[in-house]
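# Report on the structure
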Amino acid sequence: MTRCYNFCAGPAALPEPVLETARDELLDWHGRGLSLMEMSHRSPEVVGVAERAEHTLRRLLNVSDDYAVLFLQGGASTQFAAVPLNLLGDRAGADYVNTGQWSKKAIAEGKRYGQVNVVATSEDTNFSTIPPRDSWQLDADAAYLHYTPNETIGGVEFFWTPQAGVPLVADMSSTLLSRPIEVSEFGVIYAGAQKNIGPAGLTLVIVRRDLLGRADPRCPAMLNWQVADDNDSMYNTPPTFALYLAGLVFDWLEALGGLDAMEVVNRRKAEKLYGAIDGSDFYANPVELASRSLMNVPFTLADDALDKLFLQQSEEAGLLNLKGHRSVGGMRASIYNAVSEAAVDALITFMQDFEQRNG
Ligand SMILES: Cc1ncc(COP(=O)(O)O)c(C=O)c1O
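Residues numbered from 1 in each chain as written. Predicted model: local features only at pLDDT ≥ 70, side-chain atom pairs only at ≥ 80, totals over all residues.

Moving on, we get to the domain arrangement of the protein. Split by domain assignment, the protein resolves into domain 1 (17–255) and domain 2 (257–358). Placing a centre on the C-alpha atoms of domain 1 and another on those of domain 2 gives a separation of 27 Å. Each side of the interface is counted separately: domain 1 has 23 residues, and domain 2 has 24 residues. Its residues placed into classes, the side of domain 1 that touches domain 2 shows eight nonpolar, 11 polar and four charged. (Domains from an automatic or database assignment. Contact = placed C-beta atoms within 7 Å. Nonpolar A, V, L, I, M, F, W, Y, C, P; charged D, E, K, R; others polar.)

The next point concerns the nonpolar core. Residues Ala246 and Ile335 are the most contacted members of the largest nonpolar core, which totals 102 residues. The element best represented in this core is helix H6 (residues 240–255), accounting for 10 residues. Counting residues domain by domain, this core receives three or more from each of domain 1 (17–255) and domain 2 (257–358). With sequence-adjacent residues up to four places away left out, Ile335 is seen in contact with Phe7, Lys269, Ala270, Leu273, Met295, Val297 and Val344. (Core = buried A, V, L, I, M, F, W, Y, C linked by C-beta atoms within 7 Å. Buried ≥ 20, exposed ≤ 12 C-beta atoms within 10 Å, placed from the backbone. Helix = DSSP H or I, 4+ residues; strand = E, 2+ residues; numbered from the N terminus.)

Among the six residues of strand S3 (residues 93–98), five are classified as buried, and the element is accordingly described as predominantly covered. Pairing analysis gives six bridges linking S3 to strand S4 (residues 115–121), with the strands arranged parallel. Bridging from a neighbouring strand, Val97 pairs with Ala120 of S4. At this point the chain moves from S3, through helix H4 (residues 101–110), to the parallel S4, and the crossover so formed is right-handed. (Pairing = 2+ DSSP bridges. Right-handed = clockwise from strand over helix to strand, strands pointing away.)

What follows is about the sheet that holds strand S10 (residues 203–208). In a beta sheet, neighbouring strands are held together by backbone hydrogen bonds and run either parallel or antiparallel to one another. Judged by pairing direction, the sheet is mixed, and its seven strands sit side by side in the order S2-S10-S9-S8-S5-S3-S4 without closing on themselves. In this open sheet, the two edge strands, each paired with only one partner strand, are strand S2 (67–72) and S4. Within this sheet the neighbouring strands show an average axis-to-axis angle of 20°, counted without direction. Where strand S9 (residues 188–192) and S10 come together, five bridges link them in antiparallel fashion. Pairing of Ile189 across the sheet is with Ile206, part of S10. The strands that H4 touches are S3, S4, strand S5 (145–147) and strand S8 (168–171); relative to S3, the one it contacts most, it runs at about 160°. (Axes fitted to C-alpha atoms, helices over the stretch in contact; angles between N-to-C directions.)

Below, the discussion takes up helix H9 (residues 341–358). In this model H9 runs 26 Å from its N-terminal to its C-terminal C-alpha over 18 residues, within 8% of the 26 Å that 1.5 Å per residue would give. Those residues of H9 that fall on the buried side of the exposure criterion are Ala343, Val344, Leu347 and Met351. The buried residues of H9 occupy an angular sector of 95° when the element is viewed end-on, so they sit on one face. The exposed set on the far side of H9, more than 90 degrees from its buried face, consists of Ala342, Asp353, Gln356 and Arg357. Buried residues along H9 sit against strand S1 (5–6), helix H7 (258–278), strand S11 (283–284), strand S13 (319–320) and strand S14 (331–334). (Expected span 1.5 Å × (residues − 1). Arc of directions from axis to C-beta.)

Printed below as a string of structure tokens:
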């Protein structure tokens, strides 16, 4: 068996030890004579797996009891609607920061439910920057401030947390678990699982408990965080296998030393890759230095006529999914937790060889 290096933006690479455990336990989970996938979500086994996953996640992120941890479905995109439905209450609207394609989607969905005040946008720099905090036009009556700490497509990341005086809501889909964060600075954190958490099909929401119980009466029960919390994320049948895999990913992270240890490796990987891009006239990354994503590294070739060849030859070399997002073109290497330093080294070597042959 040959496993390639996978730079997909999501669903993304999963840690090999996690896949091995899942393989070994697939047909007969812990001697029970059936797969975990085949068990009732109300069984003590599955409830135990869910509780364990939650506890490990709480330890990894240092989440206090002031916060509910919810395992939901529908992806981060469903939370674009769930956020206003749960939080607007009697407020007319909310503040949003626009730093790229995912911010835009959150804004478009938010507009269905209330007034959206776009407090700042970096569209004028083609989303290669983060608008300076002192330029933001905040509304003191906003129900919340929403932002996207890491724009998966543009490769732009906040390395600071905006303070607003209203609950801060963060779409952390492509940054959560890549490094430590201070959960107490946020009202709500949400993320689709398919980057650093586990497989697609699971959505994580971490919400401060005082923000529960404000949902619009028309909010579907499936989107109501209070309902999810009251039912321990089992109001309906949860994605049990995805939850089990996420729990294995959390165990893997903890065994490696948690998020402090992960950050050291992730920073080293990113520094190497940006270093290789900046050290060449053949490759370029458009993002301002202070906001370059640790997880998603878009880059272009000096001549885009070579894109096809680059993708074909990188794939032949076992380096998969380097095609940039269709909205921006070029390349993108997503270097999430499960993408090893060896994978990044192999990519850099390939890039240098490709430049020598074609530069
Ligand atoms: C930052 C960000 N937000 C939202 C989404 C949408 O997530 P989902 O596909 O889980 O709805 C993505 C997906 O890549 C993302 O990267």
